[in-house]
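What the coordinates show
Each chain, written out:
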Amino acid sequence: MSCSDKPIFVIIKETPAGYSFDNDVVYSSPFAKHVLSQPADMTHPSLVVTSSWGLNKSITQMATGNAGFSILKKADNRSNFIRNYDNRRKFVGLIDNGSRGYKLARTAPLSGNAPSVMELTNLLKSISNSGKNIKVRGSPLEYKRLLDYFQFLLVSKIKASDLFLTRPNNVHVMDDINNPSKDVTLEEVYLSLFEQESSNRTMYNSAYFVTMDRVAALAAVVRQIPTIYQTVKPQNYYDVPTGNVNRITKFLQSKLKTARNAFEIPNRNTPMNNHPNRTQELITPGGRPIITKGPLFKWFLDTRNIQEKGNREVGTSFHKFSADKKALILFYWVFAYPSGTHTTNLPFIEAFLSILDTFHDFTGSRATTTFKNIIGTENTRNNLKRIDPAQLNLNDFNTKKAHKTLVKLLGTDIYRKSRKAYNTPLKTIISEANKRRLNADDKVGRMLYFITSMLGSDSGSLVQACENLSQEILLHLADNDPIYERPKTFVFGEGRNKLCDKLDREGACLVIDAISGSIPQCLAKHSVYHNVGVLDPATRSILSWSEVDGNEGCVDGAKEKERQRKMRLKRRQEQKRLLKEKAAKERIKKAKATRERTIREEAAAAAASKAAKAAAEAKAKVGREARVAAREAAEKRERNNNTLNNRPVKKVKSTPTPVTASRPPRPPRSMRQQGLNTTPGSASARPQTRPITESASARPQTRAASAARSKRNAPASAGTRSASRRTPSTTR
Amino acid sequence: MFRRERDRGGKTIVQSPKTSTLSNRRKASGRLTFPATTSKTPVIASNNVINKNTQRQQLVNTYLTFTYEMRDNLPRRIFWRYVILVLLSIDKIAGVSSNDEKYSQLFEQTNSLNGTVPIDIQNTWARKFEYIVKNAKGISSSTTKSLNSMLKF
């Protein structure tokens with residue numbers, strides 16, 4: 001997520017009068033009743049949870065996002081304020097709110113989220129290590145559960161009531177309104193709002209919960225919440241039919257019967273050897289009854305080690321089974337638990353899955369690296385294995401001692417709650433299956449602690465096995481037929497699939513809790529991510545993350561920075577590519593122009609050469625004719641019989657001026673005098689052409705005049721010499 | 001020359017001659033309808049393609065888009081265009097068309113607006129619209145009367 005991102009969805013409720021934006025979601029957990037609300041005066045995703053634990057001093061409110069920031073800002077200098085933070089910009093705080101209990105608040109840049117597992121673990125550690133007398137009733141663990149389940153509660157709420165999920169904007173209207181051109185009319189903008197295909201005004205009142213969290217998916221399915229479960233490898237999506245507790249129980253039975261070293265589920269009443277009023281309901285491969293039904297306990301799970309009791313042998317050594325077997329037995333025991341006079345055993349299943357999911361969250365490395373004692377030691381785990389469910393006593397938790405292990409932290413919650421009343425359905429189910437002389441709350445507390453101690457008696461493999469079994473159940477319910485299979489190689493614009501078609505057909509959206517990998521393209525437009533942006537007040541402007549209080553100078557995370565860096569790099573490469581392309585185009589253009597100019601010049605040179613040749617030929621012809629004429633004139637004079645003048649005439653050898661090819665000879669003077677000495681183009685092409693001094697022989701008129709002059713003034717050779725002297729300067 | 005008349009349920013409707021992609025798309029749906037006057041004011045087809053419920057949801061969507069865009073220094077042109085669009089949407093739900101011409105003219109006039117709108121004025125309008133959205137099922141011909149008197153920029 002980037003600092004400039006804005007949240008994308010809001011909840012709207014249809015009322016008898018119109019539509020409202022302040023809507024609450026209620027969650028009744030085994031320990032408390034929580035109401036999640038969206039505060040209307042907040043300018044950003046803020047989650048405020050108000051809790052009713054039935055306890056005197058408990059966490060009564062939790063706030064996230066902008067609401068969390070406001071609370072923490074006010075509380076900063078107060079006593080009895082416990083704060084944990086990774087750095088100065090991100091922290092979780094627990095604030096004493098006097099007689100109204102405690103407030104748990106969380107703030108962090110770019111987030112409207114509730115505290116993470118690690119943050120809550122840090123807080124637990126701080127409470128545990130604090131020298132202050134802070135008696136917190138109501139574990140922060142419960143809030144983690146609450147927020148995990150918020151997504152499917154939202155789906156449930158949307159499905160069952162008048163709530164809608166919708167986008168807080170219509171990008172087409174925004175484009176039309178912001179369009180700087182003046183040709184978009186009001187009518188066009190208004191009518192575009194009704195175009196089904198291009199308008200994103202859909203108000204979804206149907207939704208699917210999407211998760212890869214196996215336990216959360218199973219919890220959603222048994223609560224009859226439409227669920228899409230995603231497997232991690234391969235990344236396939238399964239549409240899991242809801243509310244199939246009976247089908248799940250049958251599946252577990254078949255697994256128990258067909259497993260290697262199969263268990264036995266007797267078809268008819270099989271009394272126990274020493275107790276004719278108790279029947280065996282599940283028998284181990286070793287022939288020991290592990291689940292029994294009797295007048296005192298209607299669905300008793302015997303986890304005791306095999307031991308002598310009086311003159312008989314009791315127990316099944318449950319803890320010596322493999323983790324997979326233990327998970328199978330446990331699930332069968334839970335799903336087949338009698339509902340008594342209540343309509344369904346669902347509250348019991350929900351309580352079990354809630355505790356299981358807490359173990360999933362708080363026994364992983366996220367928690368154990370921070371809060372090293374949370375899973376306890378080998379010794380404490382062995383002690384938990386020895387717990388006899390029939391002999392449990394929760395009074396151990398009636399102490400001021402700060403507990404550090406998960407089992408004891410949960411145990412404290414369970415004990416405190418048992419003093420003040422659990423919810424009625426859970427009490428009805430458990431107290432009808434347990435006929436001991438205890439009050440109903442005590443029975444519920446003991447049962448919940450029994451489940452907790454079983455899951456805590458193992459360093460993690462049992463929880464892992466339970467998660468694997470949850471996946472098996474989910475895939476079985478979905479008939480192992482994925483509704484969407486991720487292509488094995490990346491396909492750009494991978495197109496439509498059955499899941500997209502289903503969402504389009506039903507007008508439904510996806511509420512995504514957690515998925516592996518990116519969301520398929522056609523699903524993205526239907527999606528809501530986690531709780532960010534869902535609880536968004538629509539009554540105020542929605543600011544980008546960087547504009548939210550406490551996020552001033554918003555700093556993007558490492559991933560975002562990396563993404564932006566890559567974007568910049570890509571932009572630069574693109575710019576370089578464009579520049580290169582432009583330069584190449586210019587080069588090509590220039591080369592083309594050069595080629596064309598060369599061709600033009602060559603053509604001009606050829607034409608000039610041709611003209612020069614023609615002129616030279618013409619000149620040669622004129623010269624020849626002149627010489628012929630001169631010869632003829634000389635011969636005439638030689639044949640003159642005038643003796644006085646009959647002297648041999650010294651013949652003047654004319655020296656023809658060499659003419660270069662590049663310089664056409666001048667046309668005859670007569671032509672030049674008439675202004676015809678230029679051929680078209682030649683004058684401009686050769687502006688500096690120097691006048692060619694012609695030889696005497698080439699100038700018959702001049703020669704005649706010269707002859708006359710020579711006769712009068714000078715020897716004829718004088719002019720010839722003069723001409724010959726000039727010759728070198730005119731030849732090249 | 002560019003307009004063609006159609007008869008739909010006894011009502012003569014002239015369809016838009018526009019060539020923009022927006023109107024072309026709408027032509028295909030047969031819902032872009034204008035009265036047979038020189039005005040370009042839209043009229044929802046009498047076959048009631050768009051029902052009241054859809055119109056109300058559209059109002060919610062437009063209101064949300066308006067609040068989404070609210071910010072410091074929101075240009076006057078954009079702000080008043082949203083206001084006019086929301087008012088038109090409310091009148092359409094009430095079946096009032098007497099203001100259509102005025103809205104169209106004002107919408108065109110917004111093109112010449114400069115400057116920005118203070119956040120408190122934006123909030124004032126947002127609160128009034130929120131109240132109307134909360135009572136969307138009670139929208140009547142008088143709903144926009146008081147708002148129209150505030151429509152000055």
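**Things to note about the overall build of chain A**
- Looking only at helices and strands, chain A features 22 helices and 22 strands.
- Buried residues in chain A amount to 39% of all 732 residues.
- Intrachain contacts of chain A at a sequence separation of at least 6 include 65% that bridge at least 24 residues.

**A few points about the overall build of chain B**
- Across its full length, chain B holds six helices and five strands.
- Its helices and strands in sequence order give chain B the pattern β-β-α-β-α-β-α-α-β-α-α, from N to C terminus.
- Buried positions account for 35% of the 153 residues belonging to chain B.
- Taking as baseline every contact in chain B between residues at least 6 positions apart, the subset at least 24 positions apart corresponds to 61%.

**Considering unusual backbone geometry**
Residues and elements named next belong to chain A.
- The omega torsion of the bond from Lys233 to Pro234 falls at 0 degrees, within 30 degrees of zero and hence cis.
- Locating Pro234 in the fold gives a position in the loop between strand 13 (227-230) and strand 14 (236-240).
- Even without glycine at this site, Asp479 takes up a positive phi of about 55 degrees.

**Structural notes on the pairing of strand 21 (residues 509-514) of chain A**
All names here are of chain A.
- Within strand 21, five of the six residues are buried, leaving the element largely enclosed by the surrounding structure.
- Sheet topology note: the strand 12 (residues 207-211)/strand 21 ladder contains five bridges and is parallel. Its bridge partner being in strand 21, Phe209 is matched across the sheet by Val511.

**Re the pairing of strand 6 (residues 59-63) of chain A**
All names here are of chain A.
- Of all five residues in strand 6, four are buried; the element is thus mostly enclosed.
- Relative to strand 6, strand 5 (residues 48-52) runs antiparallel, the two sharing three bridges. Across the sheet, residue Val49 finds its bridge partner in strand 6, namely Met62.
- When strand 6 meets strand 9 (residues 102-107), the two strands line up parallel, connected through four bridges. From the neighbouring strand, Gln61 faces strand 9, where its bridge partner is Lys103.

**Examining the sheet that holds strand 17 (residues 300-301) of chain A**
Residues and elements named next belong to chain A.
- The three strands are arranged 15-16-17 in an open sheet whose pairing can be described as antiparallel. Unpaired on one side and paired on the other, strand 15 (279-283) and strand 17 mark the two borders of the sheet.
- Examined bridge by bridge, strand 16 (residues 289-293) and strand 17 share two bridges and lie antiparallel to one another. Within the sheet, the bridge partner assigned to Ile291 lies in strand 17 and is Leu301.

**Quick notes on the sheet that holds strand 2 (residues 19-20) of chain A**
- Taken in spatial order, the four strands line up as 2-1-10-11 (chain A) in an open sheet, and their pairing is antiparallel. Looking at the sheet topology across the chains shown, the edges are occupied by strand 2 and strand 11 (203-204) of chain A.

**Examining the packing of helix 6 (residues 214-222) of chain A against helix 9 (residues 346-362) of chain A**
Residues and elements named next belong to chain A.
- With their axes 10 Å apart at the nearest point, helix 6 and helix 9 run at an angle of 165 degrees to one another. With respect to each other, helix 6 and helix 9 are oriented roughly antiparallel. Both helix 6 and helix 9 take part in a crossing whose hand is left-handed. Contacts between helix 6 and helix 9 involve Val215, Ala216, Leu218, Ala219 and Val222 from the first element and Leu346, Ile349, Glu350, Leu353, Leu356, Asp357 and His360 from the second.
- Counted by class, the contact of helix 6 with helix 9 contains nine nonpolar, one polar and two charged residues.

**Some points on helix 2 (residues 52-69) of chain B**
- When the terminal C-alpha atoms of helix 2 of chain B are compared, their 26 Å separation across 18 residues agrees well with the 26 Å that a helix rising 1.5 Å per residue should span.
- The element helix 2 of chain B is largely enclosed, with a buried count of 15 among its 18 residues.

**Examining the environment of A:Arg268**
Residues and elements named next belong to chain A.
- If you trace the backbone, Arg268 turns up in the loop between helix 7 (245-258) and strand 15.
- Judged by the 5 C-beta atoms lying within 10 Å of it, Arg268 is exposed.
- With 12 residues separating them in the primary sequence, Arg268 and Gln280 have C-alpha atoms 9.4 Å apart.

**A short note on the nonpolar core**
- Formed by 157 residues in total, the largest nonpolar core has its most connected members in A:Ala207, A:Trp333, A:Leu474 and B:Ile84.
- Broken down by element, this core gets its largest block of residues, 10 residues, from helix 3 (residues 76-94) of chain B.
- Once residues lying within four places of it in the same chain are set aside, the contact partners of A:Ala207 are A:Val155, A:Ile158, A:Lys159, A:Leu165, A:Ala508, A:Cys509, A:Leu510 and A:Val511.

**With respect to the environment of B:Thr54**
- Along the chain, B:Thr54 falls in helix 2.
- Taking the C-alpha atoms as reference points, B:Thr54 and B:Ile93, separated by 39 residues in sequence, lie 9.5 Å from one another.

**Topic: the confidence of the model for chain A**
All names here are of chain A.
- Looking at chain A as a whole, the pLDDT averages 74, with 68% of positions reaching at least 70.
- For the stretch residues 531-542, pLDDT sits under 50, and the model shows 53 contacts to residues farther than four places along the chain or on other chains.
- Across residues 651-664, where pLDDT falls below 50, the model places 31 contacts with residues more than four positions away in sequence or in other chains.

**Considering the packing of helix 9 of chain A against helix 13 (residues 424-433) of chain A**
Residue and element names in this part refer to chain A.
- Direction vectors running N to C along helix 9 and helix 13 enclose 100 degrees, while the axes themselves pass 8 Å from each other. Between helix 9 and helix 13, the angle falls in the class roughly perpendicular. On helix 13, the residues touching Pro347, Phe348 and Ala351 of helix 9 are Pro425, Leu426, Ile429 and Ile430.
- Residues belonging to the contact of helix 9 with helix 13 are distributed by class as follows: seven nonpolar, no polar and no charged.

**Considerations on the environment of B:Lys102**
Residues and elements named next belong to chain B.
- Counting through the fold element by element, Lys102 comes out in helix 4 (residues 100-109).
- Taking the C-beta count within 10 Å as the criterion, Lys102 has 15 such neighbours and is therefore assigned partly exposed.
- Residues Lys102 and Ile84, spaced 18 residues apart in sequence, show a C-alpha to C-alpha distance of 9.7 Å.

**Structural notes on the confidence of the model for chain B**
Residues and elements named next belong to chain B.
- For chain B, the average pLDDT comes to 72, and 68% of its residues sit at 70 or higher.
- The element-level mean pLDDT for chain B is lowest in strand 3 (residues 33-35), coming to 27, with helix 3 highest at 95.
- As a predicted assembly, this complex carries a pTM of 0.64 together with an ipTM value of 0.72.

Calculation rules
- Residues numbered from 1 in each chain as written.
- Chains lettered and ligands numbered in written order.
- Predicted model: local features only at pLDDT ≥ 70, side-chain atom pairs only at ≥ 80, totals over all residues.
- Helix = DSSP H or I, 4+ residues; strand = E, 2+ residues; numbered from the N terminus.
- Buried ≥ 20, exposed ≤ 12 C-beta atoms within 10 Å, placed from the backbone.
- Contact = placed C-beta atoms within 7 Å.
- Pairing = 2+ DSSP bridges.
- Axes fitted to C-alpha atoms, helices over the stretch in contact; angles between N-to-C directions.
- Parallel < 35°, antiparallel > 145°, perpendicular 65-115°, else oblique.
- Left-handed = near helix turned anticlockwise from the far one by under 90°.
- Nonpolar A, V, L, I, M, F, W, Y, C, P; charged D, E, K, R; others polar.
- Expected span 1.5 Å × (residues − 1).
- Core = buried A, V, L, I, M, F, W, Y, C linked by C-beta atoms within 7 Å.
- pLDDT = per-residue confidence, 0-100.

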